[in-house]
Structures are given as structure tokens and as C-alpha cells.
Amino acid sequence: MVVSIAYDQLAEALQKQLSEYSTALTEELNAAYKELADAGVDELKRVYPYHDRTGQYSKNFAVKQRKNAQSVVGAQSYTIHNKKRYQITHLLEHGHLTRDGKRKTQAFPHWEEAEQKIEREAVKRIEEAVRTASNQD
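Residues numbered from 1 in each chain as written. Predicted model: local features only at pLDDT ≥ 70, side-chain atom pairs only at ≥ 80, totals over all residues. Heavy atoms only, no water.

The next point concerns the pattern of salt bridges. Tallied over the full model, the rule gives 3 salt bridges. A salt bridge links D38 to K34, with the shortest nitrogen-to-oxygen separation between them at 3.4 Å. Taken together, the positions of D38 and K34, both in helix α1 (residues 10–47) and 4 residues apart, correspond to about one turn of that helix. For D38, a relative accessible area of 31% translates into the label partly exposed. A relative accessible area of 33% places K34 in the partly exposed class. Note that E43 and K117 form a salt bridge whose closest N and O atoms lie 3.1 Å from each other. Of the two residues, E43 is situated in helix α1 and K117 in helix α4 (residues 111–134); the sequence distance between them amounts to 74 residues. (Salt bridge = Lys/Arg side-chain N within 4 Å of Asp/Glu carboxyl O. Helix = DSSP H or I, 4+ residues; strand = E, 2+ residues; numbered from the N terminus. Buried < 20%, exposed > 50% of the residue type's maximum accessible area, 1.4 Å probe, protein only.)

A few words now on the nonpolar core. In terms of nonpolar packing, the biggest core is built from 8 residues, these being V41, L44, Y57, F61, L92, F108, W111 and A114. Contributions of two or more residues to this core are made by α1 and α4. Leaving out residues up to four positions away in the same chain, A114 has contacts with E43 and L44. Membership of the second largest hydrophobic core comes to 5 residues, among which are A24, L25, L29 and A133. (Core = buried A, V, L, I, M, F, W, Y, C linked by side-chain atoms within 4.5 Å. Contact = heavy atoms within 4.5 Å.)

What is shown is where atoms sit, not what they do.
This is the structure we're talking about:
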């Protein structure tokens, strides 16, 4: 696209284009981040190897949008957590010593696997969002 612009209007035209690009990119990223956070919860529920007797731990995975944690460009931030059984997450992921301190319990790694999968998907989605935002006219 070729546009004729007077030299005294160049800065204003560049600022307008950069602002439109930034807005489009932020919207794409925010949508992708929310979808990825939801996918992360689904992945945790799907690959979770430990089945407690009540099933409450795996049911309580949730996504929470962080307040006041926006990046410089205005992208939103999300946290995946266990709403009610957050205390045992680290213990299940890495194992722990038993009460007598003589044995270590079995570890049930579930966060690391889900995190790696979502990170790979996030890189793809960010690259796609940058391409999409830069191709808008």
C-alpha cells in the first residue's frame, strides 16, 4: 500500500499506524492468553496422574485473571491454580517425606507437563498474532 504524505505529517501518520498495530496485537494476545489459560486447566484435568479418594483436587483447577498485572503493551495475565486444595500442589508434584521422615512419597508430576505443552502452544500463538496484526491494513 503506497500513501503520499507530506513531510510535516509523517510523524502523525507513523504514530497512527503504530497505535493501530499495538491495539490489534494486544487484542490478539489477550484472546490467545485467555484461551491458553483455559486449555491449561483442561490439560491439567486430563493428564492428572493422581486420583485422590474424593476427586476434589483435580476438580478445583481454575483460571484467575491477575489484577493490576498488565504488561507494558496492555496484555492481560492469567494464573492457573487449585482453588481449594492449593496446599498440596507442591507436595504432589515433587513428593515429600512421610511423617516419620524416613521415606519419601511418590511424586505425581502434572504441572510441569501441562506447563511445557502450554508454553509451546503460546509461542506459536504469539508468532501467529504478530503476523496477523502486521498484515492488517
